[in-house]
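Here is what each chain is made of, one letter per residue.
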Amino acid sequence: MVFFDLPVKTKSERKAATAFRKFLLNDGYYMVQYSLYSRICNGPDSVETHRNRINMHLPPNGSVRLMVVTEKQYESMYVLVGPRRKEEEYKPGEQLSIF
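Criteria and cut-off values
- Residues numbered from 1 in each chain as written.
- Predicted model: local features only at pLDDT ≥ 70, side-chain atom pairs only at ≥ 80, totals over all residues.
- Heavy atoms only, no water.
- Patch = residues over 30% accessible without salt bridge, like charges linked within 9 Å, V, L, I, M, F, W, Y side chains within 5 Å.
- Areas by Shrake-Rupley, 256 points an atom, 1.4 Å probe, with all protein chains shown as cover.
- Salt bridge = Lys/Arg side-chain N within 4 Å of Asp/Glu carboxyl O.
- Helix = DSSP H or I, 4+ residues; strand = E, 2+ residues; numbered from the N terminus.
- Buried < 20%, exposed > 50% of the residue type's maximum accessible area, 1.4 Å probe, protein only.
- Core = buried A, V, L, I, M, F, W, Y, C linked by side-chain atoms within 4.5 Å.
- Expected span 1.5 Å × (residues − 1).
- Arc of directions from axis to C-beta.
- Contact = heavy atoms within 4.5 Å.

Colleague: I'm lost on a nonpolar patch on the surface in this one. Help?
Modeller: A cluster of nonpolar side chains, namely Tyr-78, Leu-80 and Val-81, defines an oily patch on the protein surface of about 480 Å² accessible area. With respect to the secondary-structure elements, Tyr-78 resides in the loop between α3 (71-75) and β7 (97-98). We classify Tyr-78 as exposed; its relative accessible area is 72%.

In structure tokens, the structure reads:
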């Protein structure tokens, strides 16, 4: 999971924030909430690969956080308002980490 809070006061800041969001979407992430993106990784090597890719595309300012959770931990998340998205549906038999 990638959490971020990026400044958007100037035109260059908005451009950097948009470029970062587009990178995440093009790299297989889906938007859980506006500043929270998630993707499935097949093990620690995949997590490391995507962490490195994020590092190469970081915006110059703001705050970006990365958290790795297991599939079981992600499935135990409570959705208090609104339905789960299709990308969040449980797929039994696969051992995956949500990143």
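Colleague: Would you mind going over the nonpolar core with me for this structure?
Modeller: Among soluble globular proteins, nonpolar side chains are generally buried collectively. Val-2, Phe-4, Leu-6, Ala-17, Phe-20, Phe-23, Leu-24, Tyr-29, Tyr-37 and Ile-54 form the largest nonpolar core, which has ten residues in total. At the level of elements, β1 (2-5) and α1 (11-26) are the ones that each hand at least two residues to this core. Ranked by residue count, the leading element in this core is α1, at four residues. Counting residues in hydrophobic clusters, the runner-up holds six residues, among them Met-1, Tyr-30, Leu-36 and Tyr-74.

Colleague: Would you mind going over α1 with me for this structure?
Modeller: Residues spaced three or four apart along an α-helix face the same direction, because each turn holds 3.6 residues. The end-to-end C-alpha distance of α1, which contains 16 residues, comes to 22 Å, matching closely the 22 Å that a straight helix rising 1.5 Å per residue would cover. Taken together, the buried positions of α1 are occupied by Ala-16, Ala-17, Phe-20, Arg-21, Phe-23 and Leu-24. One side of α1 carries all its buried residues, which in axial view fall inside an arc of 155°. Summarising the geometry of α1, the exposed residues directed more than 90 degrees from the buried face are Lys-11, Ser-12, Lys-15, Lys-22 and Asn-26. In the core, the buried residues of α1 are packed alongside β1, β3 (36-38), α2 (44-56) and β5 (63-66). Gly-28 lies just past α1 and shows a positive phi near 95°.

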